[in-house]
Amino acid sequence: MNKTTDKTGRNDSMLRLAIMGLGSYGTRVAEAMRDCKKAKLTGVISGTPSKIKDWKGKYGIPEKNCYNYENFDAIKDNPDIDAVYVITPNALHHDEVIRVAKAGKHVICEKPMAINATEAQEMIDACKKANVKLLVGYRMHFEPHTLKIVEMRNSGDFGKILFFQGLVGFTIDDPNQWRLNKALSGGGSMMDIGIYAVNGSRYMIGEEPVWVTAEEIKNDPVKFKEGIDETMLFQFGFPSGAVASCLSTYSMNNLDRFFLNGTNGFAELMPATGYGPIRGRTNQGELTAPDVTHQTVQMDEMADIILRNKKPLIPADGEEALKDLKIIGAIYEAAKTGKKVSLT
Ligand code: NAD
C-alpha cells in the first residue's frame, strides 16, 4: 500500500471501515477505534436513522458513507470504505457477510461467525469468490497476556501439554433479548460465550480436538427455551493425548478462567476473556504484559492483516471460525445423544 496522504488528508495506509450494527458491541468498537493508528471508522450501516445521526456527529462520518440494510449493496461504489465490520445478532451474519463480499469489500464478522458450520463454509466460499478477506472478531488473539502464554508454550516452557480448563459464564438478564431467541442467536451460552472456551482450548493447547463429549444442564426452562442452552459442560480429546474440560453458562456470574497444565508447568488467565485488564500467572510467577484496549489493538492488527497480509500468531480468519463452529455442532450433538462425537 502506498502511504501518501491525499487532498482530503486521508492516509492510504489506514484501513477505512464501516460498522454494520450500531448496538452495544458496535459502540465499544467505534470508541476503541478512536485510538487506532492503522484503522479508521469512515462509514455506518444501520436500520435506525436516529443512531446514524448520532454516529455522524460523534465520529465525523459523512452522509455519503451512511447506509441502511436495504441499500448497503451500493457500498461497492464507495471508495472511502475498504471493509465492513458486521456486529449484528449471530443469525444475521451469514447473509450480511455474503452481501458485503459481493459488494467487493473485505469483511470482519463478529463471533460466532455463523450459527453452524454449513453457513460458515458458505461465507468462506463467498469471500474467496469475491477475492476479499474474511476475519472474525476474535479479540483475544491479539491480547498481550494471551499471546505471551502461547509464546511460552511454543518455547516449551510448560513441557508437554496435558490439560486445559476453560470456564466462561455470566448471568444473563433481560429475558426478551435476542441472545435468548434461537432464531437470532442460533443457540444459548455455548454460541455466545462457550465459543471462547472452544477457541481458547485450541490456541492454548495448540492442537485441534479429535473427540467431544458434552452435557447440557437446564435449571430454568422458562427463561432458557428449547434450543437455548443455559449451561453446557464439554470435554475434548486432542491427538497428543491432552484433554480439555470446559463449562459455559448464562447462570453464573464472573466465571472467566483459563488454566493450562503441562509436564513442566502451568499457566492461568483470570480473567481470561473479559474486556480487561486480563490477569495471569504461570509456574514462573506473575504474568507481565501490557494492558490494552482489546478492540484498538485488534483493529490495528486487522488493518495489517487486510492491507499488508500480516500473519498473526493466532489466526483470526474464517477458517478458524469454521473450526469452532464444527466443534460447537459436535458439542450440541454430543449433549443431545449422550455419545462421544468424533471430529476426525
Ligand atoms: P446488541 O443487541 O447490543 O446490538 C445488535 C445490533 O444489531 C443493534 O444495533 C440492532 O439494532 C442491530 N440489528 C440489526 N438487525 C437486527 C435484527 N433483525 N434484530 C435485532 N437487532 C438487529 O448486541 P451486541 O452485544 O452488540 O452483539 C452483536 C454481535 O457482537 C453478536 O454477534 C455478539 O456475539 C458479538 N459480540 C462480540 C463481543 C466480543 O467481545 N467480541 C462482545 C459482545 C458482542
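Above this note sits the structure.
Residues numbered from 1 in each chain as written. Predicted model: local features only at pLDDT ≥ 70, side-chain atom pairs only at ≥ 80, totals over all residues. Heavy atoms only, no water.

Participant: I keep staring at the site of the ligand and nothing clicks. Help me out?
Facilitator: Taken together, 21 residues lie near the ligand, and S24, N90, K111, R139 and W178 sit nearest. Between a nitrogen atom of the ligand and a side-chain N or O atom of E110, the distance comes to 2.9 Å. Here an oxygen atom of the ligand and a side-chain polar atom of Y196 are 3.0 Å apart. Contact with the protein chains covers 78% of the free accessible surface of the ligand, which is 840 Å². At the level of elements, α1 (24-32) and α7 (189-205) are the ones that each hand at least two residues to the shell around the ligand. Grouping the amino acids of the shell around the ligand by side-chain chemistry returns 9 nonpolar, 6 polar and 6 charged. When we break the shell around the ligand down by domain, the ones giving at least three residues each are domain 1 (15-136) and domain 2 (140-292 + 318-342). (Near = heavy atom within 4 Å. Polar contact = N/O pair within 3.5 Å; in protein donor to acceptor, adjacent residues only side chain to side chain. Areas by Shrake-Rupley, 256 points an atom, 1.4 Å probe, with all protein chains shown as cover. Helix = DSSP H or I, 4+ residues; strand = E, 2+ residues; numbered from the N terminus. Nonpolar A, V, L, I, M, F, W, Y, C, P; charged D, E, K, R; others polar. Domains from an automatic or database assignment.)

Participant: Whenever I open this one, helix α5 (residues 144-154) confuses me. Can you help?
Facilitator: One turn of the α-helix equals 3.6 residues, which is why residues spaced by three or four share an orientation. In terms of burial, α5 is a largely internal element, 8 of the 11 residues being buried. On its buried face, α5 sits against β7 (161-169), α7, β11 (255-262), β12 (265-269) and β13 (280-282). At the exit of α5 stands G156, carrying a positive phi of roughly 85°. (Buried < 20%, exposed > 50% of the residue type's maximum accessible area, 1.4 Å probe, protein only. Contact = heavy atoms within 4.5 Å.)

Participant: Which parts of the structure should I look at to understand the environment of V107?
Facilitator: Mapped onto the elements of the fold, V107 is located in strand β5 (residues 106-109). As for V107 and V86, which are separated by 21 residues in sequence, their C-alpha atoms are 7.4 Å apart. The residues touching V107, leaving out its near neighbours within four places in the chain, are V84, V86, V97, V100, A101, C127, K133, L134 and L135.

Participant: Where do I start with the sheet that holds strand β2 (residues 39-45) in this structure?
Facilitator: The strands making up a sheet associate through hydrogen bonds between their backbones, and the pairing can be parallel or antiparallel. Spatial strand order, β3-β2-β1-β4-β5-β6: 6 strands in an open sheet with parallel pairing. Both outer strands of the open sheet, β3 (66-67) and β6 (134-136), are each paired with one neighbouring strand and no more. In the sheet, β2 pairs with β3 via 2 bridges, with the strands oriented parallel. When the sheet's bridge partners are listed, V44 is paired in β3 with C66. (Pairing = 2+ DSSP bridges.)

Participant: Would you take a moment to explain the sheet that holds β11 for this structure?
Facilitator: Reading across the sheet, the 9 strands line up as β14-β13-β12-β11-β7-β10-β9-β8-β15 and stay open at both edges, with mixed pairing between neighbours. For this open sheet the edge positions go to β14 (285-286) and β15 (341-342), each flanked by a neighbour on one side alone. Note: strand β9 (residues 231-237) against strand β10 (residues 243-249), 7 bridges, orientation antiparallel. The residue of β10 that forms the bridge with G237 is V243. The strands that α5 touches are β7, β11, β12 and β13; relative to β12, the one it contacts most, it runs at about 165°. (Axes fitted to C-alpha atoms, helices over the stretch in contact; angles between N-to-C directions.)

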